[in-house]
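Observations on the model geometry
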Amino acid sequence: MSTPGVMATQVPPEFTVEINERKCVRCKRCTTECGFEALTYSREYDAIVADDAKCVACHRCVTMCPKHAIRVTDNSLAYKANANFSDIHRKNILKQAETGGILLTAMGCDRDYPVLWDHILIDACQVTNPSIDPLREPMELRTYIGRKPDCLEFDPDSDPLKLKTELAPNLKLDVPVVFGGMSYGSVSYPVHKSLMLAAERCGTFMNTGEGGLHRDFYRHKDHVIVQCASGRFGVHEEYLNAGAAIEIKIGQGAKPGIGGHLPGEKVSEDVSKTRMIPAGTDALSPAPHHDIYSIEDLSQLIYALKEATRYRKPVGVKVAAVHNIAAICSGIVRAGADYISIDGFRGGTGAAPRVIRDNVGIPIELALAAVDDRLRQEGIRNQTSLICGGGIRQSSDVIKAIALGADAVMIGTSALVALGCRVCQKCNTGKCSWGIATQNPRLTARLDPEEGAQRLTNLLNAWSHETQEVLGALGVNAIESLRGSRERLRGVGLDEKTLEILGIKPAGR
């Protein structure tokens, strides 16, 4: 009998947990490893009991079981086949019929939209333009993020080598990859420390996200990009000066047009001090900046931040990839931004309404190509750098993005996967069994920042070696020689309009 006033759920479990009784030694490790409390030990039956309804398939128990006695599989409960009302649609309807609320989710869009990176191939050299051997010749991966001058002026009278042109501040990247914004609160302290250490070791940068910067990390300021978002969480003069660059967050790929949301369960005492908000309260950043309603307003904030930091560091703007992104970015460049971060609709997030994440925004491949093309046509491409993200999974994605026009890419989900994330898409619950998207001290202790930094460093080193191999095959020895060189790309299985927007030819031509 159901409890009066409490609606019994009709939503079936998504997963089934199977425990091999012959292998299980009742060590009970799985019961402590599961952050979602899906596994308990029964004294009565001397067995591990699974509550399938609580399982999210994070696979912590599977990985940590010393006897490999646990399997997590999709629930085989059969729904009558229906091409319009899939099992996912029916489950979501049942959830909302029981709660009356917005369906929250995390990570990037997982719907089966075409991944354009996988329909783009890279050219190679053969005879007349020979390839380069990266094992025997230097391959330059260094690039610079920031505004570039239209031309360089020298003083031929006094010193022909003396530069008269005043150069704007730029960020030097030893690899064309930065760690994208993931706020303290949405991810744990060990995650931020892992990112900081890896950024230092690899000669790149990590982005604080919109949650401020923990005091322990101010000493790493030469490799930090600090973010100024609509909620202004953790933003003050010392914070702005604690980064090598400042980024104004206007939009995010996973949730264009809406603000951020950090559930109160994840706002610990430490997070509250960093964000300058009460502990245990939801951190809700508004959809717009309430002082930005035009390009002129944005320009005013850009130069206010430059004034506050004495024009010593680049100021960029982060926007979500939407249908008119080329015109938006043109205005942002004219507003004075030194770089633009464009986040595609597959970009990750700690929490977002499912309806926004899965249905709003456009792929980063199309947005990047459109923006680079527009800025070149207007003759202002050199006035800004482009960083793109939202679904960068491997080194080939990096290479293709740069050939489409990016100066560098940003990664978030890929970095978390390197740290152990299983993409179970439950970041918003704060129960991450891997110690990544949680503030529970028992869980965060599972992530060793030194090991995490080494894993991230290994990832970027591996991608760097692969990038050098591809550059050699292309017959170029510097990543900047590839930027915007779309002639080196070919499309496979793409329609004519998509090829036109990307600015590439079909394979075979």
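Cut-off values and rules
- The numbers attached to residues start from 1 for each chain and follow its sequence in the written order.
- Local features in this predicted model are restricted to residues whose pLDDT is 70 or higher, and side-chain atom pairs enter the listing and the counts only when it is 80 or higher, whereas totals over whole chains, interfaces and linings include all residues.
- Hydrogens and water molecules were not included; the side-chain quantities draw on all heavy atoms of the structure.
- Domain start and stop positions are those given by an automatic or database domain assignment.
- Only heavy atoms enter the contact rule, under which two residues are in contact if any of them lie within 4.5 Å.
- By definition, the buried area sums, over both parts, the 1.4 Å-probe accessible area that each loses when the two are put together.
- Salt bridge, as used here: a side-chain nitrogen of Lys or Arg that lies within 4 Å of a carboxyl oxygen of Asp or Glu.
- Any pair of N or O atoms that falls within 3.5 Å is considered a polar contact. Within protein, one atom must be able to donate a hydrogen and the other to accept it, and sequence-neighbouring residues count only if both atoms are side-chain atoms.
- Secondary structure follows DSSP: runs of H or I at least 4 residues long count as helices, runs of E at least 2 residues long count as strands, and numbering of each begins at the N terminus.
- Relative accessible area decides the class of each residue, using a 1.4 Å probe on protein chains only: under 20% of the type maximum gives buried, over 50% gives exposed, and in between gives partly exposed.
- Throughout, nonpolar core names a set of buried Ala, Val, Leu, Ile, Met, Phe, Trp, Tyr and Cys residues whose side chains join them through atoms within 4.5 Å.

**Topic: the domain arrangement of the protein**
Taken as a whole, the protein is organised into domain 1 (15-101) and domain 2 (169-506). The gap between the C-alpha centroids of domain 1 and domain 2 is 33 Å. With 13 residues of domain 1 at the contact, the number on the domain 2 side is twelve residues. Buried surface at the junction of domain 1 and domain 2, summed over both partners, amounts to about 1,100 Å²; 54% is from carbon and sulfur atoms. At the boundary of domain 1 with domain 2, the tally comes to one salt bridge. Residues Arg-446 and Glu-33 are paired through a salt bridge, measuring 3.6 Å at the closest nitrogen-oxygen approach. Remark: the boundary between domain 1 and domain 2 carries six residue pairs in polar contact (both at pLDDT 80 or more). Elements with a minimum of two residues in the side of domain 1 that touches domain 2: α1 (29-33) and α2 (60-64). Counting residues per element, the side of domain 1 that touches domain 2 draws most heavily on α2, at three residues.

**Details of the environment of Cys-125**
Along the chain, Cys-125 turns up in the loop between β6 (120-122) and β7 (143-145). On the basis of relative accessibility, which here comes to 11%, the residue Cys-125 falls in the buried class. As a C-alpha pair, Cys-125 and Leu-474 span 349 residues in sequence and 5.4 Å in three-dimensional space. Apart from the residues within four sequence positions on either side, Cys-125 is in contact with Pro-130, Ser-131, Ala-473, Leu-474, Gly-475 and Arg-488.

**Quick look at the nonpolar core**
One finds Phe-179, Ile-342, Leu-404, Ile-411 and Ile-436 to be the most contacted residues of the largest nonpolar core, which totals 113 residues. A per-element tally of this core places helix α10 (residues 364-377) first, with seven residues. Per-domain counts for this core show at least three residues from each of domain 1 (15-101) and domain 2 (169-506). Every residue in contact with Ile-436, bar those within four places of it in the chain, is listed here: Ser-186, Val-187, Ser-188, Val-191, Leu-416, Leu-419, Gly-420, Cys-421 and Leu-447. The next biggest cluster of nonpolar side chains, apart from the first, holds twelve residues, and it includes Ile-225, Tyr-339, Ile-387 and Ala-408.

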